[in-house]
Amino acid sequence: MKNICFYFQVHQPFRLRNYHFFDIGKRHDYFDPIKNEEILRKVAKNCYFPTNALMLDLIKKHGDQFKISYSISGTALDQFEMYLPELIDSFRALADTGCVEFLAETYSHSLSALRSKDEFISQISAHSARIEQLFGQKPKIFRNTELIYSDYIGEVVASLGFRGMLTEGADRILNWKSPNYVYYHPNNPKLRLLLKNYKLSDDVAFRFSDKNWTEWPLTCEKYVGWLNALDGNEETINLFMDYETFGEHQWPDTGIFEFMRALPEQVLATGNYRFVTPSENIKMLNPVAPLSMESPVSWADQERDLSAWLGNDLQDDAFDNLYKLSSKIKSCCDEELERDWLYLQTSDHFYYMCTKYFADGDIHKYFSPFNNPYDAFINYMNVLTDFTLRVNKAIEKKNAEFRAVTNRNLVTENEKIVVPKLHIMGSMK
Amino acid sequence: MFGWEFPPHISGGLGTACLGITRGLLENHVEVLFVVPKAFGDEDTRNMRLISASATVLHETVREFTTVNEFLTEKFTCYGANAYLIPYLNEEQFEHFTTEFAIEKRKEREEHTERPIYTQFDFSGKYGRDLMDEVWKYSIIASQIAKDNEFDVIHAHDWLSFPAGVMAKRISGKPLVAHVHATEFDRSGEHVNQNIYDIERSGMENADKIIAVSEFTKQILVNRYSIDPDKIEVVHNGVEYSSSPKQNESEVNETFPEKIITYLGRVTFQKGPEYFVEAAAKVLEKDKNFRFVMAGSGDMLTRMIRRVAQLRISSHFHFTGFLKGPEVEKMFAMSSVYVMPSVSEPFGISPLEAVKSDVPVIISNQSGVKEVLKHAMKVDFWDINAMANAIFALAKFESLAEHFARESKKEMEELKWIYQTKKIKSIYEELVTK
């Protein structure tokens, strides 16, 4: 009996408006409400609503035999609330079945894990609180932005009490190891690692509609055949994918919905598999070995590293300038600044600045609202410049207030002091 | 007078200069007949005649292409050549042409370039794909225009209209003045387009007198084109100057606590943008109380952005893209110092625009404008240390900046087109009385 663990990433960034140099200091509304609402409505119509309905049907049909998990970023939840509150209800209906687990992540789907431990932790707790408030469950499993993971990140996550974490399972990263077992953090054995079966995941997420793929068209029979062909000793198949696979990346006419609708029944009919949530998975299976990843990995692009977001000069300079502000933000105590600060950290902004043109560049272009990475960079830096000016002003104001108070105190104290008079002249006589 | 553009339809400084020259000559009681490839009908043509080559019909006699062809072939070795000329795309066009859409459009046009025999040509008057083709057609039409009109002197502006000027001279026998606003070396550095060079050179050789916009340009004509220095007169450009009221206060720099140092112009090799970036890094290394702005677009822009990010100065170095009229004024109003680090600038009108807005300027020694602006900081374009020093001094020492701004403004007031065209008029008179 093997476990099958479905996990879906649900995320929307707050895309920036066109923000010109001349806007700096003049306007502070950085995000494009029209574009963001438009895209959210489109994705909701193509993917979120129909796929949620499908998942709910499947859960009802198979009772507690069909289980799935989600991580929904805080920025996505904020957009749901702003533009389409029905979406929250739709996910809540899934939560109420008891067959759906919601995972923790950073609030703004950020790269904070790579730069600021404090920021990372505070974003995780903000997100967890939000999930608990909306869906009535406290997340126990952590999924970092785009499956970014390293030993260090695992250590921080373990210290927060999470029991497990999801990450990428590509060959290059695992060497000889199979992603189809549960592993654990080398220094923190309590933190279990679930690895994405990248081949079987990407067969659905990326290749499903690719007519040049030798396996096209992918049928449930074929897919179950592949599951059956796996090594009999292996214990779990972790299918991690972007939720937009359904209806948005793979359009309805590719047959993706029919595929998903039929898959659980055919899988269960073999009697060899059970669907589990990530929490159940790590409870059920014993970890086979420690797994160490010294440098960060992710599920993005062919490199499965950070190069989608960081590494070129544009990205690195923007990233440095952003996180230079992290200590200042905390001392501002300004809600608007804190909200903008969160939204500006969203990893997508750095993804748009990626200059890896070949192969992966197409995907970057598909997701980017900008013509090219240079425009994305300039726009972001203009916004960040204005934001920095606002932060500095807020701090100046605080300092001025502080000085005013302390000066007042000093004056009152001075009045009490009786300055002793020195009779130097007299003593000279 | 043969030109290629006339305000308001301009892509560079050439059209503006042509308007200034025309207005100045009119004030000096010289009648002007100005020919452009294409007139749009909204030009300000007070007291002058603007002839559109597109609207000119070739008569049977001139349409004997063989003689025209023979003449052009004899005078211009590259006659008929066609090339796509990147330095001639302005910023907007450059952006446009580099999009996929534009590539598609261009392909479409290429497929339809076969044309029958004409009695009339339709010019775009732009600097597009068919530029060379239009230059030759323009010269053919010029022969007709020379036949149809009365005049004493022919004056042709830059290589684009040199063949037209030479053609008009052949038909009319009147003297030709070739006016050089820029050479191929200014536009393309050492990678000159040989066809354009040839046209420039034979245009000048066939002219009776050459006007260069600066001593700097004159030297290029002498050294690079082997033109007799005695044949060249230097007439600096004028500048339209009316002491317009200052920008309203909200436009000045209240946004940034730092001083703003501005580069404004096309971001191309010959304008030296990389020296500005390097100098900025030098300044910022010492003192963060500066912001640098690169306003403009061009084929070097992405390289500049990468370099700025690589130097880790993008928090203090901003890119505005191409700016239009009122935005340029706004930019100047915000600026403490204007820098023109041109590698080769025949004249350079934009520092004067800065001076107009009371902004002190730093200009490169490799420019014509340095001959008329005594009160400006001058550096060699490659000397980034000197440039950084000058930026620092002008931005930090207010009395110095005020002195430069005030004095250079005075100098500029003397650079009126009415005075400059007086010199042009005496060149005409000399030619006519010869």
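1. What to know about the overall build of chain B
Thought 1: Within chain B one finds 16 helices and 12 strands.
Thought 2: Expressed as a percentage of its 434 residues, the buried residues of chain B come to 59%.
Thought 3: Within chain B, contacts between residues separated by at least 24 positions form 68% of all contacts whose residues are at least 6 apart in sequence.
Thought 4: Carbon and sulfur atoms provide 49% of the accessible area of chain B, an area that totals close to 18,600 Å².

2. Thoughts on the sheet that holds strand β7 (residues 192–195) of chain A
All names here are of chain A.
Thought 1: Taking strand neighbours across the sheet as the criterion, the five strands line up as β4-β5-β7-β6-β10 in an open arrangement whose pairing is mixed. The two strands at the open ends of the sheet, each matched to only one other strand, are β4 (141–143) and β10 (289–290).
Thought 2: Judged from the two bridges that link them, strand β6 (residues 183–184) and β10 form a sheet pairing that is parallel. Paired with Tyr 184 across the two strands is Pro 290, which belongs to β10.

3. Describing the side chain of A:Lys177
Thought 1: Position of A:Lys177 relative to the elements: it lies in the loop between α6 (171–174) and β6.
Thought 2: Aside from chain neighbours lying at most four places away, what touches A:Lys177 is A:Tyr183, A:Pro290 and A:Leu291.

4. Quick look at the interface of chain B and chain A
Thought 1: Facing 24 residues of chain B, the contacting portion of chain A comprises 20 residues.
Thought 2: The largest contributions to the chain B side of the interface with chain A come from B:Thr255, B:Ile305 and B:Arg312, which together make up 27% of the buried area.
Thought 3: For the pair chain B and chain A, the number of links is three salt bridges.
Thought 4: Its salt-bridge partner being A:Asp313, residue B:Arg312 comes within 3.1 Å of it at the nearest N-O pair.
Thought 5: Linking chain B to chain A there are five residue pairs in polar contact (both at pLDDT 80 or more).
Thought 6: Of all the elements in the fold, those that place two or more residues in the side of chain B that touches chain A are β8 (290–295), α11 (301–310), β9 (317–321) and α12 (325–334) of chain B.

5. Topic: the pattern of salt bridges
Thought 1: By the definition in use, this model includes 44 salt bridges over all chains.
Thought 2: A salt bridge links A:Asp203 to A:Lys199; the nearest nitrogen and oxygen atoms lie 3.1 Å apart. Linking A:Asp203 with A:Lys199, this pair stays in helix α7 (residues 198–205), spanning four residues, or about one helical turn.
Thought 3: Here A:Asp203 falls in the buried class, since its relative accessible area comes to 1%.
Thought 4: The residue A:Asp202 makes a salt bridge to A:Arg304 at a minimum N-O spacing of 3.3 Å. One end of the pair, A:Asp202, is in helix α7; the other, A:Arg304, is in the loop between β10 and α11 (313–323), and 102 residues separate them in sequence. This pair shows no difference in class: A:Asp202 is buried, exactly as A:Arg304 is.
Thought 5: Through salt bridges that share partners, A:Arg115, A:Asp313, A:Asp316, A:Asp320 and B:Arg312 make up one connected network.

6. Describing the confidence of the model for chain B
All names here are of chain B.
Thought 1: When pLDDT is averaged across chain B, the result is 86; 87% of the residues are at 70 or more.
Thought 2: Note that residues 113–117 has pLDDT below 50 and, in this model, five contacts with residues that lie over four places away or in other chains.
Thought 3: In the predicted assembly, ipTM is 0.84 and pTM is 0.85.

How each quantity is defined
Residues numbered from 1 in each chain as written. Chains lettered and ligands numbered in written order. Predicted model: local features only at pLDDT ≥ 70, side-chain atom pairs only at ≥ 80, totals over all residues. Heavy atoms only, no water. Helix = DSSP H or I, 4+ residues; strand = E, 2+ residues; numbered from the N terminus. Buried < 20%, exposed > 50% of the residue type's maximum accessible area, 1.4 Å probe, protein only. Contact = heavy atoms within 4.5 Å. Areas by Shrake-Rupley, 256 points an atom, 1.4 Å probe, with all protein chains shown as cover. Pairing = 2+ DSSP bridges. Buried area = accessible area lost by both parts, 1.4 Å probe. Salt bridge = Lys/Arg side-chain N within 4 Å of Asp/Glu carboxyl O. Polar contact = N/O pair within 3.5 Å; in protein donor to acceptor, adjacent residues only side chain to side chain. pLDDT = per-residue confidence, 0-100.

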